[in-house]
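Breakdown of the fold
Spelled out from the first residue to the last, the chains are:
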Amino acid sequence: PTGLARALTAILKEPGRYGVPPVSPETQLDCELDQLYVTVTTTDVLFYNHGDTERQVETRAGRVSVPGHAIMSVAR
């Protein structure tokens, strides 16, 4: 699973390098193996922090704090 996750991370960060159509720029906000998950909707970016520690994420709207075990929504 870790190898697959690393491969997907590389593709999300540089899709053109791997012949994959570009993804939403918001999807690239956090593509690390760090228990912070990003979902992009038509109007919002949702962050889910599965970890115990608060995480800081830089978005177009500015820095967002995502508490541990919480979901935050930020307008696209």
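As a starting point, this report considers the structure included with it. Keep in mind that this is a model prediction, so the values were computed, not measured.

1. A look at the sheet that holds strand 5 (residues 70-75)
Reading across the sheet, the three strands line up as 1-2-5 and stay open at both edges, with antiparallel pairing between neighbours. In this open sheet, the two strands that pair with only one neighbour each are strand 1 (36-40) and strand 5. Adjacent strand axes in the sheet meet at a mean angle of 20°, parallel and antiparallel pairs treated alike. Two elements, strand 2 (residues 44-49) and strand 5, share six bridges in a ladder whose sense is antiparallel. By the bridge assignment, leucine 46 is partnered in strand 5 with serine 73.

2. Quick word on the nonpolar core
Leu36, Val45, Phe47, Val57, Val64, Val66 and Val74 together form the largest nonpolar core, which totals seven residues. Where this core is concerned, the elements lending two or more residues are strand 2 and strand 4 (62-66).

3. Quick notes on the pattern of salt bridges
In a structure, side chains of opposite charge can pair up when their charged atoms sit close to one another. Tallied over the entire structure, the rule returns six salt bridges. Between glutamate 14 and arginine 17 there is a salt bridge whose closest N-O contact spans 3.6 Å. Residue class for glutamate 14 comes out partly exposed when judged on its relative accessible area of 41%. A salt bridge links glutamate 58 to arginine 63, with the nearest nitrogen and oxygen atoms 2.8 Å apart. With a relative accessible area of 56%, arginine 63 lands in the exposed category.

4. A short note on unusual backbone geometry
Residues apart from glycine generally show negative phi values, whereas peptide bonds are mostly found in trans. Its identity as a non-glycine residue notwithstanding, glutamine 35 has a phi of 70°, on the positive side. Tracing the backbone shows glutamine 35 in the loop between helix 1 (2-13) and strand 1.

5. Quick look at the pairing of strand 1
Moving residue by residue along a regular strand, the side chains alternate between the two faces of the sheet. Sheet topology note: the strand 1/strand 2 ladder contains five bridges and is antiparallel. Paired with tyrosine 37 across the two strands is tyrosine 48, which belongs to strand 2. Where strand 1 folds back on strand 2, the antiparallel hairpin that results is connected by three residues.

Cut-off values and rules
Residues numbered from 1 in each chain as written. Predicted model: local features only at pLDDT ≥ 70, side-chain atom pairs only at ≥ 80, totals over all residues. Heavy atoms only, no water. Pairing = 2+ DSSP bridges. Helix = DSSP H or I, 4+ residues; strand = E, 2+ residues; numbered from the N terminus. Axes fitted to C-alpha atoms, helices over the stretch in contact; angles between N-to-C directions. Core = buried A, V, L, I, M, F, W, Y, C linked by side-chain atoms within 4.5 Å. Buried < 20%, exposed > 50% of the residue type's maximum accessible area, 1.4 Å probe, protein only. Salt bridge = Lys/Arg side-chain N within 4 Å of Asp/Glu carboxyl O.

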